[in-house]
Amino acid sequence: MDVAQLKRQLFEYTTLLFHEGFLDEQFTQLQQLQDENNPDFVVEVVSLFFDDSERLLNELAKALDQQNTDFKKVDAHVHQLKGSSSSIGAQRVQRVCITFRNYCQDKNVEGCLKCLQQVKHEYSLVKNKLETLFTLEKQILAAGGSAPM
């Protein structure tokens, strides 16, 4: 595949991610901070998000598995996940976190467990979508194209 086709594919894929609500304007702002001096900026920030999210999801699962759920602790983890997902533009993860926090405030274990499954699902989807996006960008560079900025 030539560079022009790869760039078109990247553009269409990125547009789809916005259209389907996986990403929002914050992701665009993140991309605008990337330049030739720091060409891996977005990948690095998103990788930190992946690491942090997996840690938080594990902490949430542990906290919700306790006999007496500490809803303040659960809410603190969800708040942190909401903030980090918002900072990279992972809109669908952020939206589930908003509902999750409401269940925490209501001390609703069943609602929290349901939201934990939803947030894990949305996180997994956005992680796969972003990894595909980054793979397309690498293919453009490997084909002799320039990094999208």
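Here is what the cut-offs are and how they apply
- Residues numbered from 1 in each chain as written.
- Predicted model: local features only at pLDDT ≥ 70, side-chain atom pairs only at ≥ 80, totals over all residues.
- Heavy atoms only, no water.
- Phe/Tyr/Trp six-rings, centres within 6.5 Å; stacked < 30°, edge-to-face > 60°.
- Helix = DSSP H or I, 4+ residues; strand = E, 2+ residues; numbered from the N terminus.
- Buried < 20%, exposed > 50% of the residue type's maximum accessible area, 1.4 Å probe, protein only.
- Lys NZ or Arg CZ within 6 Å of the ring centre and 35° of its normal.
- Contact = heavy atoms within 4.5 Å.

**Q** What's the story with the packing of aromatic side chains in this structure? I'm lost.
**A** What describes a pair of aromatic rings is the distance from one ring centre to the other and the angle between the planes of the rings. Using the criterion set out here, one finds three aromatic pairs in the structure. Ring geometry for Phe50 versus Tyr123: centroids 6.2 Å apart, planes at 80 degrees, classification edge-to-face. One end of the pair, Phe50, is in helix α3 (residues 41-64); the other, Tyr123, is in helix α6 (residues 109-142), and 73 residues separate them in sequence. Tyr123 sits in the buried class, given a relative accessible area of 7%. One aromatic cluster is present, formed by Phe49, Phe50 and Tyr123 through successive ring pairs. Across from the ring centre of Phe22, 3.9 Å away, lies the NZ or CZ of Arg92, which sits over that ring. Above the ring of Phe50, the side-chain terminus of Lys127 is found at 5.4 Å from the ring centroid.

**Q** Please explain unusual backbone geometry as it appears in this structure.
**A** Trans peptide bonds make up the majority, and among non-glycine residues the majority have a negative phi. One non-glycine residue, Lys107, lies in the positive phi region at around 55 degrees. By relative accessible area, Lys107 is classed as exposed at 57%.

**Q** I tried to follow the environment of Gly145 on my own but got confused; where do I start?
**A** Looking at the element boundaries, Gly145 is found in the segment after α6. The exposure class of Gly145 is buried, given its relative accessible area of 16%. As a C-alpha pair, Gly145 and Asp2 span 143 residues in sequence and 9.0 Å in three-dimensional space. Not counting chain neighbours up to four residues away, the residues in contact with Gly145 comprise Val3 and Ile140.

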